[in-house]
Amino acid sequence: MHDENAHGFDVVVVGGGPGGSTVSTLVAMQGYRVLLLEKEEFPRYQIGESLLPSTVHGICRLLGVSKELEKAAFMPKRGGTFRWGSSPEPWTFSFSVSETFSGPTSLAYQVERMKFDQILLDNARNKGVEVREKSSVVDVIEEDGRVCGVLYSDVDGVRHEVRSRFVVDASGNKSRIQSRIGGTRHYSDFFRNIALFGYFEGGKRLAAPNSGNILCAAFDAGWFWYIPLTDELTSVGAVLRRESLERVQGDREKALMGLIEECPLIAEYLSEARRVESGPYGEVRVRKDYSYCQDTFWRPGMVLVGDAACFIDPVFSSGVHLATYSGLLAARSINSSLNGDFEEAKCFEEYEARYRKEYSLFHDFLVAFYDMHRDEDSYFWTAKKLMNSSAPGLESFAELVGGGASREDGVVNPASYTEQRESKFREFSELANQPAGKSGTDRDLFDSSLVQAVLEEGAKIQVHTALGEFVDDEGPMREIGLVPSVDGMHWADSRH
């Protein structure tokens, strides 16, 4: 075993996805020594192709990759189009309905994650992060109750020991070291689903200007996503309730094609298309997305970022958002702790409180859509309200939120959320369930107090990236909490 010098790095980040790239870059930009260990070799396949305005115009601008995203020529999207709810015709939600996302920031991207994640990882290298691919972390190093490094195996199977002042686990829901944080990962009995998906060439597009929108369509067995990644390539997936597990067993291609035939709108859009059968997009995949939340997100010397800490049902495609936003929060805590601004515990208590609130807000929306108007016979996917607020629209609202602490009772007991927030759910439901206009005109959901709550932090981040100064007029989210510093890269005392 090769042993690097004690504290050879200030931070070791495990995982090279959006969360790991974000936190490593924002810490390295402050002059600290950062090592990123990624078990795979990029580019590598990853699901989750739909980004949000605040990710693109907020976090990505902070990272300094705006030009690279423009050069990549990803598919622009202005919102989402949905065949769901009381209207038999598809209706559209556009980011530009909100003043926050109006103008140039009203567009996001549909991305091939192989390309997008590569941009973020290359940017981390360019910003001073040492990146080692094909390096699989197998355990953490502990001394006196504190995590002080990791053990990893390189491509040749040689074990290495690396010491650091902090370890960030951004290695996703299949993390090998997440359990070392302590506590328990609590799974929801309510939010469980199965996705069966593949990629097609030659699929039809919505009429301009919505040709880059995600299209979501409900059908008896569940709902479909239809994401245009390029002019030719489309990601298509069926999301089914867990009781339908038998439908995705056996011949996956036959199962997917059969489900497509059950959804007339998707079948029409794919009537002249062919499934991709080779390369990274040639496989028909199955994914079980079970929502969960960890008891604790940090311990001395270690913090969980993104899916390593928590995951919420993918109907809002919140994965990249939660990963990059938690990466920003974790970077603030690490930078502040390394700089000696505040004690470690105070910094990471702020991280956990804000990240839990972000997760809580997504959970509130899920309960509002899935549970409040639930049809027991057709389960929650055929409930009218589900897509009356949809993945792209909600993601844009919830893009960069921070807020008060929550211990996520709703993960285990979602009925508690309904009881606490029923009036807000009804308010939003009434807005969302309005009939679509004759021409499928945009629906304004920004009058809802639920939407306003998740919009606030995204607005602050976008103002920060535009003006170069972070302003938090509302003060701390907790009585003894911290606020973002003027540069947005640290925490500051709210009393000054």
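Residues numbered from 1 in each chain as written. Predicted model: local features only at pLDDT ≥ 70, side-chain atom pairs only at ≥ 80, totals over all residues. Heavy atoms only, no water.

Re the overall build of the chain
Using the following cut-off: Helix and strand labels come from DSSP, where a helix needs a run of H or I of at least four residues and a strand needs a run of E of at least two; each type is numbered from the N terminus. Note on exposure labels: buried denotes an accessible area under 20% of the residue type's maximum, exposed denotes more than 50%, and partly exposed covers the range between, all computed with a 1.4 Å probe on protein chains only. Per-residue accessibility takes into account occlusion by the displayed protein chains alone, with areas from the Shrake-Rupley method and a 1.4 Å probe.
Along the chain, the regular secondary structure elements total 12 helices and 22 strands. Out of the 496 residues belonging to the chain, those deemed buried represent 61%. Total accessible area computed for the chain in this model is approximately 18800 Å², and 46% of it derives from carbon and sulfur atoms.

Points about the pairing of strand β13 (residues 214-219)
Which entries qualify depends on this criterion: Pairing between two strands is assigned when DSSP locates at least 2 bridges connecting them.
Most of β13 is tucked away: 5 of the 6 residues are buried. As judged from the 4 bridges shared by strand β5 (residues 79-83) and β13, these two strands associate in the parallel manner. Bridging from a neighbouring strand, G80 pairs with I214 of β13. Bridge count for β13 against strand β14 (residues 222-228) is 5 bridges, and the pairing is antiparallel. Looking at β14, one finds that A217 is bridged to F224. In textbook terms, the turn of a hairpin is the stretch between consecutive antiparallel strands, and for β13 and β14 this stretch comprises 2 residues.

Considering unusual backbone geometry
The omega torsion across F42 and P43 is -5°, close enough to zero to call that bond cis. Tracing the backbone shows P43 in the loop between β3 (34-37) and α2 (53-63). Cis geometry marks the peptide bond from A208 to P209, where omega comes out at 5°. In this structure, P209 sits in the loop between β12 (185-201) and β13. Positive phi outside glycine occurs at K134, with the angle close to 55°. The class of K134 is partly exposed, set by a relative accessible area of 37%. The phi dihedral of D144 falls on the positive side, at around 55°, and the residue is not glycine. Relative to the helices and strands, D144 resides in the loop between β9 (136-143) and β10 (146-153). Judged by its relative accessible area of 84%, D144 falls in the exposed class.

Regarding α2
The element α2 is extensively covered by neighbouring structure, given that 10 of its 11 residues are classed as buried. Taken together, the buried positions of α2 are occupied by P53, S54, T55, V56, H57, G58, I59, C60, L62 and L63. Once α2 ends, the next one or two residues include G64, with phi positive near 85°.

With respect to the packing of aromatic side chains
Describing an aromatic ring pair means giving the distance of the ring centres and the angle of the ring planes. Basically, it comes down to this: In this scheme Phe, Tyr and Trp rings, the latter by its six-membered ring, pair at centre separations within 6.5 Å, and the angle between planes marks the pair as stacked below 30 degrees, edge-to-face above 60, and tilted otherwise. Lysine NZ or arginine CZ positioned within 6 Å of the ring centre and within 35 degrees of the ring normal marks a charge as sitting over the ring.
Tallying each qualifying case throughout the model produces 13 aromatic pairs. A centroid spacing of 5.7 Å and a plane angle of 25° characterise the contact between W298 and F348, whose relative ring orientation is stacked. Placement of the pair is W298 in strand β18 (residues 298-299) and F348 in helix α8 (residues 344-370), with a sequence separation of 50 residues. By the burial criterion, W298 is buried, and F348 matches it. Ring plane angle 45° and centroid distance 5.9 Å describe the contact between Y351 and Y355, whose orientation is recorded as tilted. One end of the pair is Y351 and the other is Y355, both in helix α8 and 4 residues apart, which spans about a single turn. With a relative accessible area of 0%, Y351 lands in the buried category. In this structure Y355 comes out as buried when scored by relative accessible area, which is 0%. Here a set of aromatic residues connected by ring pairs shows up, and it is made of Y45, Y199 and Y281. Sitting above the plane of the Y292 ring, R185 keeps its charged end 4.1 Å from the centroid.

What to know about the pattern of salt bridges
For clarity, the threshold we go by: Basic side-chain nitrogens of Lys or Arg form a salt bridge, by our definition, when they fall within 4 Å of a carboxyl oxygen of Asp or Glu.
Within this structure, the stated rule accounts for 23 salt bridges. Between R125 and E133 there is a salt bridge, and its shortest N-O distance comes to 2.4 Å. The partly exposed category is assigned to R125, whose relative accessible area is 30%. Between R356 and E352 there is a salt bridge; the shortest N-O distance is 2.9 Å. With R356 and E352 both in helix α8, this residue pair falls 4 residues apart, about one helical turn. The pair formed by R356 and E352 is uniform in burial state, with each residue classed as buried.

Re the nonpolar core
Quick reminder of the rule: Working definition of a nonpolar core: buried Ala, Val, Leu, Ile, Met, Phe, Trp, Tyr and Cys residues. They are joined through side-chain atoms within 4.5 Å. The contact criterion used is simple: two residues touch if any of their non-hydrogen atoms lie within 4.5 Å.
Counting 96 residues, the largest nonpolar core has V11, L69, F116, V150, W225, I334 and Y351 as its most contacted members. Among the elements that make up this core, the one with the highest residue count is helix α7 (residues 319-338) (9 residues). If we ignore the near neighbours within four places in the chain, the residues touching V11 are V27, R33, V34, L35, S164, F166, V168, I334 and L338. F200, A217, I260 and V284 belong to the second largest nonpolar core, which has 24 residues in total.

Some details on the confidence of the model for the chain
Selection criterion: Scored from 0 to 100, pLDDT reflects the predictor's confidence in each residue.
When pLDDT is averaged along the chain, the result is 80, and 71% of the positions lie at 70 or above. In the predicted structure, residues 371-420 sits below a pLDDT of 50 and forms 180 contacts with residues beyond four places in sequence or in another chain.

Looking at the pairing of β10
With 7 of its 8 residues buried, β10 lies for the most part within the structure. Strand direction decides the pairing type here: β9 and β10, joined by 7 bridges, are antiparallel. Within β10, the residue paired with E142 across the bridge is V147. Turn length for the β9-β10 hairpin, with the two strands adjacent in sequence and antiparallel, is 2 residues, and the turn residue D144 shows positive phi of about 55°. In the sheet, β10 pairs with strand β11 (residues 159-169) via 5 bridges, with the strands oriented antiparallel. Looking across to β11, one finds that Y152 is bridged to H160. Counting the residues that bridge the hairpin from β10 to β11 gives 5 residues, and of these G157 lies at a positive phi of roughly 85°.

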